[in-house]
Amino acid sequence: MRTGDRDDPDLTDEATYERLRSPSRRALLRLSAGAGLTAGLGGGLLTALGPPAAAATAARAGAARAGTASGGIVKPLPPELFIQHGTNAEMRWEAMHRQGYLTPADRFFVRNHTATPLIDPRTWRLKLWGTGLAGRPTEDRPIELTYEDLLGLPAETLTASIECTGNGRGFFASQQGQGASGTPWRLGAVGVARWHGVRLSTVLRRAGITREAVDIMPRGLDADYVDKGENLGRVRRPLPVAKAMKDVLLAYRMNGAPLPPDHGHPVRLAVPSWVGIASVKWLGDIQVADEPLFSPWNTRYYRLFGPEYPPDGSAPLTTMNVKSAFELPWDATLPAARPLALRGRSWSGGGRIRRVEVSADGGATWRAARLRDRRPDPRGWTRWEFPWRPQRPGSYELLARATDETGATQPATVPHNTLGYLFGAVVRHPVTVI
Ligand SMILES: Nc1nc2c(c(=O)[nH]1)N[C@H]1C(S)=C(S)[C@@H](COP(=O)(O)O)O[C@H]1N2
Ligand SMILES: [Mo]
C-alpha cells in the first residue's frame, strides 16, 4: 500500500481521501484533472497537497521573490529611447520611427509603483481563492498553479496596447495651464505588443468559478506600495468578472520571448483596451469573490476627481480614450522646402481607428492622413503618414486628431481632473523648421 505519495494520491486511503474531498480540494481536483496535462496532473496535486499553511504563508511572504532589481528597473534605459520619471520610464516617440507594428520590449515604457522584483518561475505559484470559487478556498489554502501547469494549458496570442491611465498627464499643465499630480508623462506611456499566454477565463473555469462570482482581484508580487508614509499593501485592482471572462490573458510571453522582468516575469495580466493598472504584473494570486471588491486602486486612484466630479470621484475608470502621437522627437528639427513624410500612430480603447487628420498650422486647417494598416488590430494601434512640405523656416506646431469606430474623437481641450487621468485632447507637437 502506498501512503503519503503525493505524486499519486491513493484515493482508497481514508486519510488522503478525507483531505481531498474537502470542498477546496475538490475544486483543485477539477482544476488539475481538467488541465489535460500528463506530467502536470501529478505536479498540480503535489503543489496543492504539499505545503501546509505555514509553508504557504512563507511562500506568500516572498519565497517566490528572489530579489529586487537595484535601481528599480532591470533593462537598460538609454536616453535616446527613454525619459526617466522616478521609478518609471517613458518611451520617446522617435524610438518608434522605422519600427514595425509592435513596440519592441527594449523600448516599451515601464510603470513601476516600487521596483521590478526578480521571480524564479520554478518556485512561482498562481494562487486562486475566495468566495466566488466552488468550495470557497481560503487565502491560506488556495488552489495553486505552477508555471509548468500554466504552460500546459491551451495558449493564445493577443496583440494589444497597454497604456498608463495617466499617459499625456504633462499636457494638463503645459497645454491647459492646470497641472495634475503624478508622473508628468508626455505620450510615451503606451506600447503595443504581442502577448501570449492562457486565457484568464480558462483558468477561472478550471478553478471552479461560480455563477455568484462578481469581481476578481489580481495582486502583484512586487513590494508593498507606500504613498506618503501610508502602506497600501501590494498592487491589486479589482476587475469585474464579465471583463475577466471576456478577453483577458495570463501572459507569459511578449513579442515572442519570455516576459522580461520589468514587464511582469513570469506572468502578468494583459487586459486589452482598459487602463494599464488592470494589467497587473508579477501576478501572485487572484481573489475571486461573490461580492464587490475594493482596493486603493479602484477607490482613491483611477477615478476622476475634481470640482466637476462627485466627492468620491467618478466610477472606476475602465476603457482608455483616443490618442495620437507623431514618431518625432519633441522639438524636432526638420528641413525647409523639402517633401517630408510625417508618421505617427493613433489608438483607442474604444476600438479601431477610422480616421486621422493632421494640422500643420496650429489647428486652422486639417487634412486626412493616410492610414498605413489595412487591418490593424482593434486593440492595438493604427499607423499613419502625412506628407508635409514646410516652405519657410520657423517654429510650427503639428497636431494629429483621430476618430475611432465608435465616433469618439479628440477634442481641443479636456476637463481637468486632479490626478491627471485620460488626457485625450489633441497634443500640440512643437517642431523647428530650418
Ligand atoms: N504588480 C504591479 N502591476 C502593475 C504595476 C505595478 O506597479 N505593479 N503598474 C501598473 C501600471 S499603473 C501600468 S500603466 C502597467 C504598466 O505596464 P508596463 O510597465 O509593462 O509598461 O502595469 C500595471 N501593473
Ligand atoms: Mo499606469
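All residue numbers refer to positions counted from 1 along the written sequence of the respective chain. A letter from A marks each chain and a number from 1 marks each ligand, given out in the order of writing. With the structure being a predicted model, the display of local features is reserved for residues of pLDDT at least 70 and the display and counting of side-chain atom pairs for 80 or more, all residues being used for whole-chain, interface and lining totals. Where side-chain values are given, they derive from all heavy atoms of the structure, hydrogens and water being excluded.

Let's shift gears to empty space enclosed by the protein. Only protein atoms enter the 1 Å grid used here. Points where a 1.4 Å probe fits but cannot escape make up a cavity, open sets with protein on both sides within 12 Å along at least five of seven lines make up a pocket, and a residue lines them when an atom lies within 4 Å of a point. Grid points are joined across faces, edges and corners, and a volume is the space filled by probe spheres set on the points. Evaluated as defined, the whole model comprises six cavities of 30 Å³ or more. Here the largest cavity is characterised by a volume of approximately 270 Å³. In this structure, the largest cavity is lined by 21 residues; those nearest its centre are R111, R268, G276, S279 and K281. Residues belonging to the lining of the largest cavity are distributed by class as follows: ten nonpolar, six polar and five charged. Residue polarity is assigned by list, with Asp, Glu, Lys and Arg as charged and Ala, Val, Leu, Ile, Met, Phe, Trp, Tyr, Cys and Pro as nonpolar; anything else, Gly included, falls into the polar class.

This part takes up the sheet that holds strand β21 (residues 367–368). Paired through backbone hydrogen bonds, the strands of a sheet run either parallel or antiparallel to each other. Pairing in this open sheet of five strands is mixed, and the strands run β18-β25-β24-β20-β21 from one edge to the other. For this open sheet the edge positions go to β18 (332–334) and β21, each flanked by a neighbour on one side alone. One requirement defines pairing of two strands: DSSP has to find at least two bridges between them. The helix and strand labels rest on DSSP assignments: H or I over at least four residues marks a helix, E over at least two residues marks a strand, and numbering proceeds from the N terminus. Pairing of β18 with strand β25 (residues 428–433) involves three bridges; the strand directions are parallel. Within β25, the position partnered with T333 by the bridge is T432.

This part is about the nonpolar core. Inside soluble globular proteins, nonpolar side chains tend to come together where they are buried. Counting 35 residues, the largest nonpolar core has L150, L200, V203, I216 and L250 as its most contacted members. Put simply, the parts of the chain that give this core at least two residues each are β5 (125–129), β6 (143–146), α5 (147–151), α7 (200–206), α8 (241–246), β13 (249–254) and β16 (283–289). By definition, residues are in contact when any of their heavy atoms lie within 4.5 Å. Sequence-distant contacts of L150, that is, excluding residues within four places in its chain, are made with W124, L145, V198, V203, L250, Y252 and V267. In terms of nonpolar packing, the next biggest core, distinct from the first, is built from 22 residues, A95, F172, V192 and V427 among them. The definition of a nonpolar core used throughout is a set of buried Ala, Val, Leu, Ile, Met, Phe, Trp, Tyr and Cys residues joined through side-chain atoms within 4.5 Å. Each residue's exposure class comes from its accessible area (1.4 Å probe, protein chains only) as a fraction of the maximum for that residue type: buried when under 20%, exposed when over 50%, partly exposed otherwise.

Once rolled over the atoms, a probe with the size of a water molecule shows which space is left empty. Of the volumes computed, that of the largest pocket is approximately 440 Å³. Along the walls of the largest pocket sit 22 residues, with R111, S181, G182, Y225 and Y301 positioned nearest its centre. Along the lines of polarity and charge, the residues of the lining of the largest pocket split into eight nonpolar, nine polar and five charged.

Turning our attention to the pattern of salt bridges. The term salt bridge refers to a side-chain nitrogen of Lys or Arg lying within 4 Å of a carboxyl oxygen of Asp or Glu. One pass over the structure, following the stated rule, counts 19 salt bridges. In this structure, the salt-bridge partner of R300 is E230, at a minimum N-O distance of 2.9 Å. Of the two residues, R300 is situated in the loop between α9 (296–299) and β17 (323–326) and E230 in strand β11 (residues 230–231); the sequence distance between them amounts to 70 residues. Under the relative-accessibility criterion, R300 is labelled partly exposed at 34%. Measuring nitrogen to oxygen at the nearest pair gives 2.7 Å for the salt bridge that ties R345 to E327. Of this pair, R345 sits in strand β19 (residues 340–347) while E327 sits in the loop between β17 and β18; the two residues are 18 residues apart in sequence, bridging distant segments of the chain. Both residues of the pair, R345 and E327, count as buried. Among the charged side chains, a network of salt bridges with common partners joins E139, R219 and D285.

Within the fold, I353 resides in strand β20 (residues 353–359). Along the chain, I353 and D377 lie 24 residues apart, while their C-alpha atoms are 9.6 Å from each other. With residues up to four places along the chain from it excluded, the contact list for I353 reads V322, S346, W347, S348, L371, T382, A402, T403 and D404.

A cutoff of 4 Å decides nearness: a residue is near a molecule or strand if any of its heavy atoms lies inside that distance of it. Around ligand 1 sit 19 residues in total, of which F109, H113, D222, H263 and K281 are the nearest. Polar contact criterion, stated in full: a pair of N or O atoms within 3.5 Å, where within protein one must be able to donate a hydrogen and the other to accept it, and residues adjacent in sequence count only if both atoms are side-chain atoms. Separating an oxygen atom of ligand 1 from a backbone N or O atom of F109 is a distance of 2.7 Å. One nitrogen or oxygen atom from the side chain of K281 is found 2.6 Å from an oxygen atom belonging to ligand 1. Areas reported as accessible are Shrake-Rupley estimates using a 1.4 Å probe. Residue values count occlusion only from the protein chains shown. Its free accessible area being 540 Å², ligand 1 has 100% of it covered by the protein chains. To qualify as sitting in a cavity or pocket, a molecule needs more than half of its atoms within 2 Å of the grid points. Assessed atom by atom at 2 Å from the grid points, ligand 1 resides in the largest cavity. Grouping the amino acids of the shell around ligand 1 by side-chain chemistry returns nine nonpolar, six polar and four charged.

Moving on, we come to the sheet that holds β19. Read across the sheet, four strands follow the order β17-β19-β23-β22 without closing on themselves; strand pairing throughout is antiparallel. Among the strands making up the open sheet, the edge pair consists of β17 and β22 (370–371). Across four bridges, the pairing between β17 and β19 is antiparallel. Residue pairing across strands places F326 opposite G344, the latter belonging to β19.

Let us now look at the packing of aromatic side chains. Geometry of aromatic contacts follows a simple scheme: Phe, Tyr and Trp rings, the Trp one being its six-membered ring, pair when their centres are within 6.5 Å, and the pair is stacked under 30 degrees between planes, edge-to-face over 60, tilted otherwise. In total, this model carries 17 aromatic pairs according to the counting rule given. For the ring pair Y225 and W297, a centre distance of 6.1 Å and an interplane angle of 50° mean the geometry is tilted. Separated by 72 residues along the polypeptide, Y225 in the loop between β9 (215–220) and β10 (226–227) and W297 in helix α9 bring together distant segments of the chain. Assessed through its relative accessible area of 0%, W297 is described here as buried.

Time to look at the pairing of β16. In the case of a regular strand, side chains alternate between the two sheet surfaces. Within β16, seven of the seven residues are buried, which leaves it mostly tucked inside the rest of the structure. Bridge count for β5 against β16 is three bridges, and the pairing is parallel. Directly across from K127, in β16, lies its bridge partner D285. Direction of pairing for β9 relative to β16: antiparallel, over a ladder of six bridges.

Purely geometric numbers; function is a separate question.
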